[in-house]
Amino acid sequence: MTSTPVNVTVTGAAGQIGYALLFRIASGQLLGADVPVRLRLLEIPQAVKAAEGTAMELDDCAFPLLDGVDIFDDATKAFAGTNVALLVGARPRTKGMERGDLLEANGGIFKPQGEAINAGAADDIKVLVVGNPANTNALIAQQHAPDVPAERFTAMTRLDHNRALAQLSKKAGVSVSDIKKMTIWGNHSATQYPDIFHAEIAGKNAAETVNDQSWLENDFIPTVAKRGAAIIEARGASSAASAASAAIDHVHTWVNGTAAGDWTSMAVVSDGSYGVPEGIISSFPVTTSGGKWEIVQGLEIDDFSRARIDASVGELAEEREAVRGLGLI
Ligand code: NAD
Ligand code: LMR
């Protein structure tokens, strides 16, 4: 076992996703079965008591890897010395809303958190933004942390990636582990583009294997893109356990690397690849190794895919303008 615990800060620790996430982090699923963790929970003052209750339950699990739990209602203290920050705390949408409708309500949370990360996080800080609208909230935090390399700020599209794997595995009658190279492009919103033209099923092109354009356009893409709304409709609350599971997957893959012959989807700062404007935090196919990510290069993008990537990226550019207008960046 590594002796020094890794400091993991989780915001919104008393919320739904927090409750599904913390026990998995403490059990070693985020970073590995030999990596001790110290949890730092950030909540708003009214929710600190509930976070204390969760901390009591964490104690009661007697996780061998859990070095301790600290609770804060002050961002500067919560992010001091943090190695991994999971920015979950934000309001979820309710029925009838799009995630972008949360921009004004939630955007303000991410400016002070970016500043606090800039002020005191550890040099190797890695940030995952889950709170919606995740891509643009990540951009806000990143813009307020000028001393932290921009590539350390990422937003979560792994839930969309996992949803796409599940839908394709059902259609093709294969296990999710037979599917490689799935890609989510763009925004974690209804405009996202789940792309199976580069995916493979048991080593063969997925789009050709499925060979069903009507399913692709009228079933697969809208089902994946609107799954969050369907969960809210069915559960009366936004996805929580699946979101926590995707957050675990995102960080685990970032830290431990993608498998040979595969990639994942992460929303990362664009370097202009695939015509996505530089600086926007957009989902791409990425490989990871040694704690660093790289955008997969050289994929051919046909007109069908181009139009969908452009639409989602256009929405991200509009969100960037909107938060500029609100004075958040
Ligand atoms: P929730 O309402 O159950 O919990 C949110 C928690 O955040 C609350 O405990 C609240 O007190 C806390 N909070 C609010 N402002 C805070 C701040 N400034 N600092 C620290 N904590 C703060 O919501 P939830 O279901 O856990 O969802 C959280 C967010 O995650 C929502 O915005 C939701 O839309 C988003 N989400 C994203 C994805 C994704 O794939 N990216 C998936 C699911 C949910
Ligand atoms: C999801 O994708 O389930 C979350 O982003 C919650 C939502 O608002 O859809």
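Residues numbered from 1 in each chain as written. Chains lettered and ligands numbered in written order. Predicted model: local features only at pLDDT ≥ 70, side-chain atom pairs only at ≥ 80, totals over all residues. Heavy atoms only, no water.

A few points about the site of ligand 1
Next up, step 1: Taken together, 25 residues form the shell around ligand 1, and within it Gln16, Glu43, Arg91, Val130 and Asn132 come nearest.
Next up, step 2: Within the contact set of ligand 1, a nitrogen atom lies 3.3 Å away from a backbone nitrogen or oxygen of glycine 12.
Next up, step 3: A distance of 3.4 Å separates an oxygen atom of ligand 1 from a polar atom in the backbone of glycine 15.
Next up, step 4: Split by residue class, the shell around ligand 1 holds 13 nonpolar, 10 polar and 2 charged. (Near = heavy atom within 4 Å. Polar contact = N/O pair within 3.5 Å; in protein donor to acceptor, adjacent residues only side chain to side chain. Nonpolar A, V, L, I, M, F, W, Y, C, P; charged D, E, K, R; others polar.)

Notes on unusual backbone geometry
Next up, step 1: Residue proline 133 is bonded to the preceding asparagine 132 through a cis peptide linkage, with omega at -10°.
Next up, step 2: Of note, proline 133 is situated in the loop between β5 (126–129) and α5 (134–143).
Next up, step 3: The backbone of alanine 62 sits at a positive phi, close to 50°, despite the residue not being glycine.
Next up, step 4: Structurally, the position occupied by alanine 62 is in the loop between α2 (48–60) and β3 (66–72).
Next up, step 5: Given a relative accessible area of 59%, alanine 62 falls into the exposed group. (Helix = DSSP H or I, 4+ residues; strand = E, 2+ residues; numbered from the N terminus. Buried < 20%, exposed > 50% of the residue type's maximum accessible area, 1.4 Å probe, protein only.)

Brief notes about the nonpolar core
Next up, step 1: Core analysis: the largest hydrophobic core is formed by 36 residues, its most contacted members being Leu168, Met182, Ile196, Phe220 and Phe284.
Next up, step 2: Ranked by the residues each element gives to this core, the list is headed by helix α8 (residues 213–225), at 5 residues.
Next up, step 3: Setting aside chain neighbours within four positions, we find phenylalanine 220 in contact with Ala164, Gln167, Leu168, Met182, Pro194, Ile196 and Trp215.
Next up, step 4: Leu22, Ile25, Leu39 and Leu41 belong to the second largest nonpolar core, which has 33 residues in total. (Core = buried A, V, L, I, M, F, W, Y, C linked by side-chain atoms within 4.5 Å. Contact = heavy atoms within 4.5 Å.)

Description of the packing of aromatic side chains
Next up, step 1: Scanning the entire structure with this criterion turns up 6 aromatic pairs.
Next up, step 2: Between the aromatic rings of tryptophan 185 and phenylalanine 284, the centroid separation amounts to 6.2 Å while the plane-to-plane angle is 70°, which identifies the pairing as edge-to-face. One end of the pair, tryptophan 185, is in strand β8 (residues 183–185); the other, phenylalanine 284, is in strand β13 (residues 281–289), and 99 residues separate them in sequence. Grouping residues by exposure puts tryptophan 185 and phenylalanine 284 together as buried.
Next up, step 3: Summarising the aromatic geometry, the rings of phenylalanine 197 and phenylalanine 304 are spaced 5.8 Å apart at their centres and angled 70° between planes, so their arrangement reads as edge-to-face. Remark: phenylalanine 304 occurs in helix α11 (residues 303–325) and phenylalanine 197 occurs in the loop between β9 (193–195) and β10 (200–201); sequence separation between them is 107 residues.
Next up, step 4: Linked through ring pairs, Trp185, Tyr274 and Phe284 together constitute an aromatic cluster.
Next up, step 5: Against the face of tryptophan 254 rests lysine 126, its NZ or CZ located 5.9 Å from the ring centre.
Next up, step 6: Seen from the ring of phenylalanine 304, arginine 308 lies directly overhead, with NZ or CZ sitting 3.7 Å from the centre. (Phe/Tyr/Trp six-rings, centres within 6.5 Å; stacked < 30°, edge-to-face > 60°. Lys NZ or Arg CZ within 6 Å of the ring centre and 35° of its normal.)

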